[in-house]
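# Residue-level structure breakdown
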Amino acid sequence: MSSTVPCPPFDPELDAILAMLADQIPTVTAETIDELRAAPLPGIPTDEELAAASVSRREITIPGYEGADLIATVLARTDKTDVGPGIYHVHGGGMIAGNRMVGIGQILPWIIEHSAVAVTVEYRLAPEFPDPYPVEDSYAGLVWMAEHASDLGIDLDRLIIAGASAGGGIAAGTALLARDRQGPKLIGQVLMCPMLDDRDQTASTTQFDRAGLWIRSSNLVGWDALLGDRRGTDDVSVYAAPARASDLSGLPPAFIDCGSAELFRDEDIAYASALWCSGVQAELHVWPGGFHGFDMVAPHTALAQSATETRNAWVAKQLGAGSE
């Protein structure tokens, strides 16, 4: 590991995978965003894998921010006839890349085991669509999902939001919007290694300026694309950067996880602490030696399996509590 300051080591199994992937990790700059968008994406089940899991998908068009047409995908078990939980999914990609199917592999077990319906929306990306487009598109999709819950077979008393990385940050911002606008009621928010803080001031962002899949310079490219000259100033909305929120009361219970060897570690820990200080229940897991997105990139590893099992158990508990 190359860094100017001491860092927690990567898990040995994950370190070997990072070494194998070293030549495939794109350098992220403002000029290489198109290249990043063209790179292979993790966590996307193939149509064959969905069929093998007896999960159907259908594409729809829904209204986004300011009424723009957005593409969304609805996923459900092929044998679904009952009313069950709803999962609103927000994809990752550093605010600048990715598509609505990135990370669906993480929520697929929830769809299958709980007869849940998932909706994932193609929110518009920065820099072409800077803040507030991504989070406002996300909120518009959540509102659409709640308004069409009956048609979708969703029990509105069992609705959760989930996202990883930038998707985790947007999910957290969407939950704040839902609270402040008296919007759809969420019973849980699953924030996987969420991107929450534009200020670039934590110890972990300094530690992981060179090593890992998503490093400090990449992160600044993402935030600059989203916020432009406002990044790091006082003129940044809590919905764009939820780490800035001083009042997190009234939010749904949260599950937050990350790796000890990633730049989002400290902002994720701080967000969990802020939730507790606001009287909100949160479960926090910092997986020793995990790099950013390790469970999506290397799901077969022991650490990823532990993280996935722990997260799935929390989701099962929340959805079970919602049905009582």
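Below, the structure is looked at part by part. (Residues numbered from 1 in each chain as written. Predicted model: local features only at pLDDT ≥ 70, side-chain atom pairs only at ≥ 80, totals over all residues. Heavy atoms only, no water.)

### Focus on the sheet that holds strand 5 (residues 154-164)
Keep this limit in mind: A pair of strands is considered paired only if DSSP assigns at least 2 bridges between the two. Strands here are runs of E lasting at least two residues and helices are runs of H or I lasting at least four, both read from the DSSP assignment and numbered beginning at the N terminus. Axis definition: a line fitted to C-alpha atoms, limited for helices to the stretch in contact. Angles are taken between N-to-C directions and run from 0 to 180 degrees. Any two residues having at least one pair of non-hydrogen atoms within 4.5 Å are treated as being in contact.
Read from one edge of the open sheet, 8 strands run 1-2-4-3-5-6-7-8, paired in mixed fashion. Bordering the open sheet on either side are strand 1 (55-63) and strand 8 (282-287), each of which pairs with just one other strand. Taken over all neighbouring pairs, the strand axes of this sheet differ in orientation by 20° on average, direction set aside. Here helix 7 (residues 166-180) sits on the sheet and contacts strand 3 (84-90), strand 5 and strand 6 (188-192); the angle it forms with strand 5, its principal contact strand, is near 140°.

### Overview of helix 7
We count it as follows: An expected span of 1.5 Å times one less than the residue number is assigned to each helix. Burial classes follow relative accessibility: with a 1.4 Å probe on protein chains only, a residue under 20% of its type's maximum area counts as buried, one over 50% as exposed, and anything between as partly exposed.
Taking 1.5 Å as the rise per residue, helix 7 with 15 residues should run 21 Å; its terminal C-alpha atoms sit 21 Å apart, in good agreement. With 13 of its 15 residues buried, helix 7 lies for the most part within the structure. Just downstream of helix 7, Q182 is the residue with a positive phi angle, here 50°.

### Let's talk about the layout of surface pockets
Applied cut-off: Throughout, the protein atoms alone are placed on a 1 Å grid, and a set of points is a cavity if a 1.4 Å probe fits but cannot get out or a pocket if it is open with protein on both sides within 12 Å along at least five of seven lines; lining residues have an atom within 4 Å of a point. Grid points are joined across faces, edges and corners, and a volume is the space filled by probe spheres set on the points. For this classification, the nonpolar set comprises Ala, Val, Leu, Ile, Met, Phe, Trp, Tyr, Cys and Pro, the charged set comprises Asp, Glu, Lys and Arg, and every other residue, Gly included, is treated as polar.
Approximately 730 Å³ is the volume found for the largest pocket. What lines the largest pocket is a set of 25 residues, among which P40, L41, P42, L213 and V297 lie closest to the centre. Residues that form the lining of the largest pocket fall into these classes: 17 nonpolar, 8 polar and no charged. Counted as a void, the second largest pocket has a volume near 300 Å³. Lining of the second largest pocket is provided by 14 residues; of these, G105, Q106, P109, D295 and P299 occupy positions nearest its centre. Of all the secondary structure elements, the ones that give two or more residues to the lining of the second largest pocket are helix 4 (104-114), helix 11 (294-297) and helix 12 (302-322). If one sorts the elements of the lining of the second largest pocket by residue count, helix 4 sits on top with 4 residues.

### As for the pattern of salt bridges
As a reminder, the rule being used: Counted as salt bridges are all cases of a side-chain nitrogen of Lys or Arg within 4 Å of a carboxyl oxygen of Asp or Glu.
By the definition in use, this model includes 18 salt bridges. Here R37 ties to E128 by a salt bridge, and the two come within 2.8 Å at their closest N and O atoms. Highlighted residues: R37 in helix 2 (residues 33-38) and E128 in the loop between strand 4 (117-121) and helix 5 (133-147), separated in sequence by 91 residues. Among the residues examined, R37 registers a relative accessible area of 26% and is labelled partly exposed. For E128, a relative accessible area of 47% gives the class partly exposed. Of the charged contacts in the structure, one is a salt bridge between D198 and R244, with a shortest N-O distance of 2.7 Å. Here D198, found in the loop between strand 6 and helix 8 (203-207), pairs with R244, found in the loop between helix 9 (216-227) and strand 7 (254-259); they are 46 residues apart in sequence, far enough to count as distant. Overall, the relative accessible area of 18% leaves R244 in the buried class.

### Quick word on the pairing of strand 8
Formally: With strands facing away from the observer, any crossover in which the path from the first strand over the helix to the second runs clockwise is taken as right-handed.
Pairing of strand 7 with strand 8 involves 6 bridges; the strand directions are parallel. From the neighbouring strand, I256 faces strand 8, where its bridge partner is L284. In this region the chain leaves strand 7, passes through helix 10 (residues 265-277) and returns to the parallel neighbour strand 8; the handedness of that crossover is right-handed.

### Some words on the packing of helix 5 against helix 7
We apply this condition: Working rule for angles: under 35 degrees goes down as roughly parallel, over 145 as roughly antiparallel, 65 to 115 as roughly perpendicular, anything else as oblique. Should the near helix be turned anticlockwise from the far one by less than a right angle, the crossing is left-handed, and should it be turned clockwise, the crossing is right-handed.
At a closest axis distance of 9 Å, the pairing of helix 5 and helix 7 adopts a crossing angle of 60°. Between helix 5 and helix 7, the angle is such that the two are oblique. Handedness of the helix 5/helix 7 crossing: right-handed. Mapping the contact onto sequence places P134, V135, E136, S138, Y139 and L142 in helix 5 and I170, G173, T174, L177 and A178 in helix 7.

### Notes on the environment of E59
Put simply, the test is: Counted as a polar contact is a pair of N or O atoms within 3.5 Å, where, for protein atoms, one must be capable of donating a hydrogen and the other of accepting one, and residues adjacent in sequence contribute only when both atoms are in side chains.
The topology assignment puts E59 in strand 1. Spatially, the C-alpha atoms of E59 and P134 are 19 Å apart, while their sequence positions differ by 75 residues. Leave out the neighbours within four places in its chain, and E59 touches I71, A72, T73 and R100. A distance of 2.7 Å separates the side chain of E59 from the side chain of R57, its partner in a polar contact. Separated by 3.1 Å, the side chains of E59 and R100 make a polar contact.

### So, empty space enclosed by the protein
Tallied over the entire structure, the rule returns 2 cavities of 30 Å³ or more. The calculated volume of the largest cavity comes to roughly 60 Å³. Considering the residues around the largest cavity, the lining is formed by Q106, M192, C193, D257, C258, G259, E262, W287, G293, F294, D295 and R311. Elements supplying a minimum of two residues to the lining of the largest cavity: strand 7 and helix 11.

### Details of the environment of L319
With respect to the helices and strands, the residue L319 is situated in helix 12. On a C-alpha basis, the gap between L319 and L159 in space is 8.0 Å, while along the polypeptide they are 160 residues apart. With residues near it in sequence (within four places) discarded, L319 still touches P85, H114, R158, I160 and I187.

### Regarding the packing of aromatic side chains
Stated formally: Here the aromatic set is Phe, Tyr and Trp, taking the six-membered ring for Trp, and pairing holds for ring centres within 6.5 Å; pairs whose planes are under 30 degrees apart are stacked, those over 60 apart are edge-to-face, and all others are tilted.
Here the structure, examined in full by the defined rule, presents 5 aromatic pairs. Residues F10 and F208 carry aromatic rings whose centres are separated by 6.2 Å and whose planes lie at 45° to one another, so their mutual orientation is tilted. Here F10 is found in the segment before helix 1 (12-21), whereas its partner F208 is found in the loop between helix 8 and helix 9, with 198 residues between them in sequence. Side by side, F10 and F208 carry an identical accessibility label, which is buried. Between Y65 and Y133, the aromatic rings sit 5.3 Å apart at their centres with planes inclined by 80°, giving edge-to-face as the arrangement. With Y65 in the loop between strand 1 and strand 2 (69-77) and Y133 in helix 5, this residue pair connects regions lying 68 residues apart in the sequence.

Bear in mind that shape data such as this cannot, by itself, settle questions of function.
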